[in-house]
Amino acid sequence: MADSKTPQVVIMRSMLGRARGLGAAKSGTQHWKSQRVTAIALIPLSLWFVVSIFGLIGAPRAAVAAWAAGPVTATLLLATIVALFQHMYLGVQVVIEDYVHAERPRVAWLLAAKGATALLALAAVVAVLKLAFTG
Amino acid sequence: MADVRDALMVGRTSDGKLVRRPLSPHLQIYKPQIVTVTSVVHRATGMALAAGTVLMVWWLAAAAASDAAYATATWFIGSWIGMLMLVGWTAALWYHFCNGIRHLAWDFGYGFELPTAHASGWAVVAGTVVLTVLTWILVFVAR
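What you see is a predicted model; the values in this text were computed from it and never measured. (Residues numbered from 1 in each chain as written. Chains lettered and ligands numbered in written order. Predicted model: local features only at pLDDT ≥ 70, side-chain atom pairs only at ≥ 80, totals over all residues. Heavy atoms only, no water.)

S.K.: Got a minute to help me understand the overall build of chain B in this structure?
M.R.: Along the backbone of chain B there are four helices and two strands. Put simply, chain B runs from its N terminus to its C terminus through helices and strands in the order β-β-α-α-α-α. Over its C-alpha trace chain B gives a radius of gyration of 23 Å, far above what one expects of a compact globule, namely 15 Å for 143 residues. Overall size of chain B, expressed as C-alpha extent along the three principal axes, is 75 × 40 × 30 Å. Of the contacts formed within chain B by residues at least 6 apart in sequence, a portion of 54% connects residues at least 24 apart. Approximately 9000 Å² of chain B is accessible, and the part contributed by carbon and sulfur atoms is 72%. (Helix = DSSP H or I, 4+ residues; strand = E, 2+ residues; numbered from the N terminus. Rg over C-alpha atoms; globule rule 2.2 N^0.38 Å. Contact = heavy atoms within 4.5 Å. Areas by Shrake-Rupley, 256 points an atom, 1.4 Å probe, with all protein chains shown as cover.)

S.K.: Honestly, the interface of chain B and chain A in this entry has me stumped. Any pointers?
M.R.: Interfaces are often sized by the accessible area lost when the parts come together. If you look at the interface, chain B gives 34 residues, while chain A gives 42 residues. Summed over both partners, the interface of chain B with chain A buries about 3200 Å², with 79% contributed by carbon and sulfur atoms. The largest per-residue losses of area from chain B upon contact with chain A belong to Arg 43, Leu 60 and Ala 64 of chain B, which jointly make up 17% of the total buried on that side. For the pair chain B and chain A, the number of links is three salt bridges. Between Arg 36 of chain A and Asp 107 of chain B there is a salt bridge, and its shortest N-O distance comes to 2.8 Å. On the surface where chain B and chain A come into contact, there are six residue pairs in polar contact (both at pLDDT 80 or more). Counting residues per element, the ones that place at least two in the side of chain B that touches chain A are β1 (10–12), α1 (34–65), α2 (67–78), α3 (80–107) and α4 (114–142) of chain B. Here the side of chain B that touches chain A is built from residues that sort into 25 nonpolar, four polar and five charged. (Buried area = accessible area lost by both parts, 1.4 Å probe. Salt bridge = Lys/Arg side-chain N within 4 Å of Asp/Glu carboxyl O. Polar contact = N/O pair within 3.5 Å; in protein donor to acceptor, adjacent residues only side chain to side chain. Nonpolar A, V, L, I, M, F, W, Y, C, P; charged D, E, K, R; others polar.)

S.K.: What should I look at first to understand the side chain of Thr 38 of chain A in this one?
M.R.: All names here are of chain A. Relative to the helices and strands, Thr 38 is located in helix α2 (residues 30–54). A polar side-chain atom of Thr 38 sits 3.0 Å from the main-chain carbonyl oxygen of Gln 35. Those residues in contact with Thr 38 that lie beyond four places of it in its chain are Ala 83, Gln 86 and His 87.

S.K.: Sorry, what's going on with the nonpolar core here?
M.R.: When a protein is soluble and globular, its nonpolar side chains tend to lie buried together. Within the largest apolar cluster, 39 residues are counted, with the highest numbers of intra-cluster contacts made by Phe 85 of chain A together with Trp 59 and Leu 60 of chain B. Here this core takes ten residues from helix α4 (residues 71–99) of chain A, the largest share from any one element. Ignoring any residue separated from it by four or fewer positions in sequence, one finds Phe 85 of chain A in contact with Thr 117, Leu 120, Ala 121 and Ala 124 of chain A together with Thr 53 and Val 57 of chain B. If you look at the next biggest cluster of nonpolar residues, it comprises ten residues, including Leu 49, Ala 92, Trp 94 and Trp 136 of chain B. (Core = buried A, V, L, I, M, F, W, Y, C linked by side-chain atoms within 4.5 Å. Buried < 20%, exposed > 50% of the residue type's maximum accessible area, 1.4 Å probe, protein only.)

S.K.: What should I look at first to understand α3 of chain B in this one?
M.R.: Since the α-helix turns once every 3.6 residues, residues separated by three or four places project in the same direction. The terminal C-alpha atoms of α3 of chain B lie 40 Å apart, and with 28 residues this matches the ideal 40 Å at 1.5 Å per residue to within 8%. Positive backbone phi, approximately 95 degrees, marks Gly 109 of chain B, located one or two places after α3 of chain B. (Expected span 1.5 Å × (residues − 1).)

S.K.: When you look at the environment of Thr 36 of chain B in this model, what are you seeing that I'm missing?
M.R.: Its place among the elements puts Thr 36 of chain B in helix α1. Here the alpha-carbon distance between Thr 36 of chain B and Gly 121 of chain B, two residues 85 residues apart in the chain, equals 9.5 Å.

S.K.: How should I be thinking about the confidence of the model for chain B in this particular structure?
M.R.: One rule of thumb: low pLDDT means the predicted coordinates there are not for detailed reading. On average, residues of chain B carry a pLDDT of 91, and 97% of them reach 70 or more. Here β1 of chain B stands out as the least confident element of chain B, with mean pLDDT 83; α3 of chain B is the most confident, with 97. (pLDDT = per-residue confidence, 0-100.)

S.K.: Any chance you could explain a nonpolar patch on the surface here in plain terms?
M.R.: A surface patch of nonpolar side chains, amounting to about 580 Å² of accessible area, comprises Trp 122, Val 125, Val 129, Val 133, Ile 137 and Val 141 of chain B. By relative accessible area, Val 133 of chain B is classed as partly exposed at 47%. (Patch = residues over 30% accessible without salt bridge, like charges linked within 9 Å, V, L, I, M, F, W, Y side chains within 5 Å.)

Here it is as structure tokens:
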């Protein structure tokens, strides 16, 4: 037995249970890795996007549509959208988890953020596909 | 002890009494340093960029919708408030871009020495200013 000066803390959970449950974070390193992978993808993609925009300043809608309709451009735009909104949700999620302490408001904020992110991402995807297929 | 996580907050004073561990002082106690300020600003610019995606999606959706919708979107972007948002957005983007690369370097195990971390922090600040100014010079050249 431990001596009486040791804090008595009973954790009623087996080692196997802790390993299976992946601890308090519940998802292991998936969140961390996904944030890094999307960050790496966004380095070239965001540079490409900003440089591309320079050529479209003041251009009529038809020119923007023609630009977005190219297969390479449409592919890169979709890649940017997927990586961007995935990266964005991971960041917003952590901020909500850090600052909204009460459980119910936290879950509500997380769901609202997920819904808003999904709708924004889908709207962007639909816009690119519409430009790619119909101009 | 209501929550098992409280177990980690149990400590012992020098005379052996069990106590709840004190929490570390919060932000306002510490003197701001380049490493802490760059960390806080990284999060703030991330949130600003998230808000900025609304403007980006509006522009993209308007381009896909109609000439009138695109005219409205570009009118807003070209207005003084739209330009102000764009200046903030580009500055936030370049900051998050530069400091994000700094974070990735840390993730790969580089640059943890304090002088290096301080220097890279100031490099991020300098990089943000240079890239933002360069972006807007190019905007006015391209226009």
